[in-house]
Amino acid sequence: MTRLRRMLPHELGPEAGALYEEIASGPRGGFMLAPDGGLTGPFNAMLLSPPVGGALQELGAAVRYRSTLSDRARELAILVVAGHHDSAFEQAAHEPIARSLGFTDDQLHALREGKPLTLPDDEATVLAVTRALVRKADLDDAEYAALDERQLFELTTLVGYYSTLALQLRVFRVPPS
């Protein structure tokens, strides 16, 4: 059972209302709006502290929409983090996106379970580096050298962001839908 009641737009103060509008009108808005008009997933909790929530959602928009990682690499990394943290919400949110990018049900299952899977070399590299990041929160020299430094910066930021969301989703007991 969720610990945090969904905040509805008419209940929000000016700061939280402005953040709500920013999220609801952005690229994630349609998916993150509940039938009652409140925000779902991690975005409802962001309304608790608009200065922090606003910065966090902007970071998420940057890693999701403005990085040099390919769509498939990004979704692959997100699902590795979701599987590592057993984040049902993130799995439910991102598996359909990954499926639309050509990931199979067997591949999605392997990502959920942390099992081996066969991918093109560039994606296999992202998979190996992301799994190392979530497993040991560090990289050896070979793992570090596997990606260029910009990609590595973007990937470590993505892993940190989605790990933060997984923690918040777990603590607030946010259901997958």
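Calculation criteria
Residues numbered from 1 in each chain as written. Predicted model: local features only at pLDDT ≥ 70, side-chain atom pairs only at ≥ 80, totals over all residues. Heavy atoms only, no water. Helix = DSSP H or I, 4+ residues; strand = E, 2+ residues; numbered from the N terminus. Rg over C-alpha atoms; globule rule 2.2 N^0.38 Å. Buried < 20%, exposed > 50% of the residue type's maximum accessible area, 1.4 Å probe, protein only. Contact = heavy atoms within 4.5 Å. Salt bridge = Lys/Arg side-chain N within 4 Å of Asp/Glu carboxyl O. Phe/Tyr/Trp six-rings, centres within 6.5 Å; stacked < 30°, edge-to-face > 60°. Lys NZ or Arg CZ within 6 Å of the ring centre and 35° of its normal. Arc of directions from axis to C-beta.

Asker: How would you summarise the overall build of the chain if you had to cite specific residues and measurements?
Answerer: Across its full length, the chain holds 10 helices and 0 strands. Listed N to C, the secondary structure of the chain is α-α-α-α-α-α-α-α-α-α in terms of helices and strands. In terms of overall dimensions, the chain is globule-like: its C-alpha atoms have a radius of gyration of 17 Å, near the 16 Å expected for 177 residues. Reported as C-alpha extents along the three principal axes, the dimensions of the chain are approximately 50 × 30 × 25 Å. Counting only residues that meet the buried cut, the chain has 47% of its 177 residues in that class. Counted over contacts in the chain with a minimum sequence separation of 6, partners at least 24 positions apart contribute 63%.

Asker: Report on the pattern of salt bridges, specifying residues and quantitative values.
Answerer: For the coordinates displayed, the defined rule picks out 11 salt bridges. A salt bridge links Arg6 to Asp36, with the shortest nitrogen-to-oxygen separation between them at 3.3 Å. Of this pair, Arg6 sits in the segment before α1 (14-24) while Asp36 sits in the loop between α2 (29-32) and α3 (42-46), and the two are 30 residues apart along the sequence. For Arg6, a relative accessible area of 32% puts it in the partly exposed group. Residues Asp71 and Arg74 are paired through a salt bridge, measuring 3.1 Å at the closest nitrogen-oxygen approach.

Asker: So what's going on with unusual backbone geometry? Residues and values would help.
Answerer: Although it is not a glycine, Asp86 sits at a positive phi angle of roughly 50°. Relative to the assigned elements, Asp86 resides in the loop between α5 (71-84) and α6 (88-100).

Asker: Explain the side chain of Ser87 to me, using residue names and the numbers behind them.
Answerer: Positionally, Ser87 belongs in the loop between α5 and α6. Ser87 has contacts with Ala82, Ala166 and Leu169, leaving out every residue within four places of it along the chain.

Asker: Summarise the packing of aromatic side chains; cite the residues concerned and give the values.
Answerer: Inspection of the entire model under this criterion finds 1 aromatic pair. Relative to Tyr162, the ring of Tyr161 lies with its centre 4.9 Å away and its plane at 90°, an arrangement referred to as edge-to-face. For Tyr162, a relative accessible area of 5% puts it in the buried group. Across the ring face of Phe103, the terminal group of Arg72 is positioned such that the distance to the ring centre comes to 4.0 Å.

Asker: Run through the environment of Gly53, naming residues and quoting values.
Answerer: Along the polypeptide, Gly53 turns up in helix α4 (residues 50-65). We classify Gly53 as buried; its relative accessible area is 4%. Each C-alpha atom of the pair Gly53 and Thr104 lies 34 Å from the other, and the pair is 51 residues apart in sequence.

Asker: Lay out the environment of Glu123 with the relevant residues and their values.
Answerer: With respect to the secondary-structure elements, Glu123 resides in helix α8 (residues 121-136). With a relative accessible area of 6%, Glu123 lands in the buried category.

Asker: Residue-level account of helix α7 (residues 105-113), with values.
Answerer: Taken together, the buried positions of α7 are occupied by Gln107, Leu108, Ala110 and Leu111. One side of α7 holds all its buried residues, which, seen down the axis, span an arc of 160°. Those residues of α7 that are buried are in contact with α5, α6 and α8. Of the residues flanking the end of α7, it is Gly114, one or two places downstream, whose phi is positive at about 70°.

Asker: Pulling in residues and values, what's your account of the environment of Leu19?
Answerer: Among the structural elements, Leu19 can be located in helix α1. Under the relative-accessibility criterion, Leu19 is labelled buried at 4%. With 32 residues separating them in the primary sequence, Leu19 and Pro51 have C-alpha atoms 8.8 Å apart. Contacts of Leu19, omitting those with residues within four sequence positions, involve Met46, Leu47, Pro50, Gly53, Gly54 and Gln57.

Purely spatial values, then, with no claim about function.
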